[in-house]
Amino acid sequence: MSTSTSAAMGSRLQEFLRTASARVERTLATACNEQHPATTLFSAMEYAALGPGKRLRPALVYACAEAIRGEDIASRCDEAAAALECIHAYSLVHDDLPAMDDDDLRRGRPTCHIQYDEATAILAGDALQTQAFELLAGAALDSDLKVTLIAELARASGARGMVGGQAIDMAAVDRALTLAQLEQMHRYKTGALISASARIGALIGGASAPQLTAITRYAESIGLAFQVQDDILDVTADTETLGKAQGADAARNKPTYVSLLGLDGARAKADELYREATQALAELGGHTEVLQQLADYIVHRDH
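## Some details on the packing of helix α5 (residues 78–95) against helix α9 (residues 162–171)
No. 1: One way to put it is that α5 packs onto α9 with a least axis distance of 12 Å and a crossing angle of 20°. By the criterion of interaxial angle, the relationship of α5 to α9 is roughly parallel. α9 is crossed by α5, and the crossing has right-handed handedness. The residues of α9 that touch α5, namely those facing Ile 87, Tyr 90, Ser 91 and Asp 95, are Met 162, Val 163 and Gln 166.
No. 2: Each residue belonging to the contact of α5 with α9 can be placed in one class, and the counts come to four nonpolar, two polar and one charged.

What follows is the structure, given as structure tokens:
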């Protein structure tokens with residue numbers, strides 16, 4: 001973690017993220033460490049899921065459950081948090097493939113298809129996707145709740161969510177998008193899984209309908225803010241800091257918040273989304289310190 005990123009976090013958030021990461025990594029390590037003839041496949045799954053990363057989506061599961069329940073509920077969230085990280089990791093493996101974004105570097109390391117090969121990377125992504133639902137199905141939760149969580153994750157990660165957003169993104173190369181179209185794309189591509197992480201945590205915590213509405217508004221705001229900050233960093237940060245190629249979106253002529261709004265306009269958009277997230281937390285009430293600090297971190301992070 002860089003000095004500037006650490007400075008953007010409160011001490012409470014740093015400790016929370018360390019604890020959440022350790023919990024989810026233990027669950028992922030168990031899921032990916034199996035005596036199986038397809039040893040290279042499991043190695044690639046582990047490489048993708050347990051490499052360096054922010055673990056934002058798992059952290060949201062834990063933080064939203066805690067915000068609703070107000071007590072130690074982490075053990076009820078472990079499988080769901082790991083499931084969200086599996087989906088996120090699979091999406092990155094596939095996004096990096098030559099047929100998609102064709103990236104050689106991810107989180108400061110060779111991408112999965114460079115470290116292994118394209119076929120192994122495709123299979124590792126497929127396996128991580130299905131591993132997510134296996135984890136949820138095996139969680140020690142009420143059966144009706146598990147069905148609800150599986151439906152949330154499926155909707156957010158499929159054609160009506162993340163995958164649909166990626167399809168729009170691929171079709172947008174060398175095309176002009178309006179701000180509304182760009183926002184719609186990112187609500188699917190990035191925002192849907194972030195919203196699902198928050199909603200799944202809230203549901204595990206036993207959220208009421210009004211609480212779930214407030215959590216959703218918060219998550220939708222930080223989900224877009226995350227993407228806006230990504231676009232800003234793509235033109236302001238260097239490759240070493242980012243852990244991936246700097247300027248990659250501009251090189252592919254992909255529409256971004258910076259290309260549409262300019263750098264100052266993109267920063268203003270991130271600030272607007274931050275205010276919306278803060279207002280949603282005010283309406284939620286309860287134990288929201290970590291969620292507030294997560295919003296702070298998202299709009300001030302340097303990678």
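## Some remarks on helix α7 (residues 118–137)
No. 1: With 20 residues, α7 should reach 28 Å at 1.5 Å per residue; the first-to-last C-alpha distance of 29 Å fits that figure.
No. 2: Within α7, burial applies to Thr 120, Ala 121, Ala 124, Gly 125, Ala 127, Leu 128, Gln 131, Ala 132, Leu 135 and Leu 136.
No. 3: Its buried side turned inward, α7 meets α2 (11–32), α3 (39–49), α5, α6 (112–115) and α8 (143–157).

## Some points on the packing of aromatic side chains
No. 1: Using the criterion set out here, one finds one aromatic pair in the structure.
No. 2: Where Tyr 47 meets Tyr 116, the ring centres are 5.7 Å apart and the plane angle is 80°; that geometry is what we call edge-to-face. Placement of Tyr 47 in helix α3 and of Tyr 116 in the loop between α6 and α7 is noted, with a sequence separation of 69 residues between them.
No. 3: The residue whose ring lies beneath Arg 301 is Phe 226, and the NZ or CZ to ring-centre distance is 3.8 Å.

About the cut-offs
Numbers given for residues are sequential positions, taken from 1 along each chain in its written order. Given that this is a predicted model, residues contribute local features only at a pLDDT of at least 70 and side-chain atom pairs are listed and counted only at 80 or more, while totals for whole chains, interfaces and linings are drawn from all residues. Note that the side-chain values use all heavy atoms of the structure and ignore hydrogens as well as water. For helices, the fitted line uses only the C-alpha atoms of the stretch in contact; every axis is such a line through C-alpha atoms, and the angle between N-to-C directions lies from 0 to 180 degrees. Numbering of helices and strands starts at the N terminus; helices are DSSP runs of H or I of at least 4 residues and strands are runs of E of at least 2. Working rule for angles: under 35 degrees goes down as roughly parallel, over 145 as roughly antiparallel, 65 to 115 as roughly perpendicular, anything else as oblique. The crossing is said to be left-handed when, going from far helix to near helix, the turn is anticlockwise and less than a right angle, and right-handed when the turn is clockwise. Whether two residues are in contact is decided by their heavy atoms, any of which lying within 4.5 Å being enough. Residue classes follow a fixed rule: Ala, Val, Leu, Ile, Met, Phe, Trp, Tyr, Cys and Pro count as nonpolar, while Asp, Glu, Lys and Arg count as charged, and any other residue, Gly among them, counts as polar. The span one expects for a helix is its residue count, reduced by one, times 1.5 Å. Exposure classes here rest on a 1.4 Å probe applied to the protein chains alone. A residue is buried below 20% of its type maximum, exposed above 50%, and partly exposed in between. Each Phe, Tyr or Trp ring, with Trp reduced to its six-membered ring, pairs with another whose centre is within 6.5 Å; inter-plane angles below 30 degrees give stacked pairs, above 60 give edge-to-face pairs, and intermediate values give tilted ones. Consider the ring centre and the ring normal. A charge sits over the ring if Lys NZ or Arg CZ is within 6 Å of that centre and within 35 degrees of that normal.

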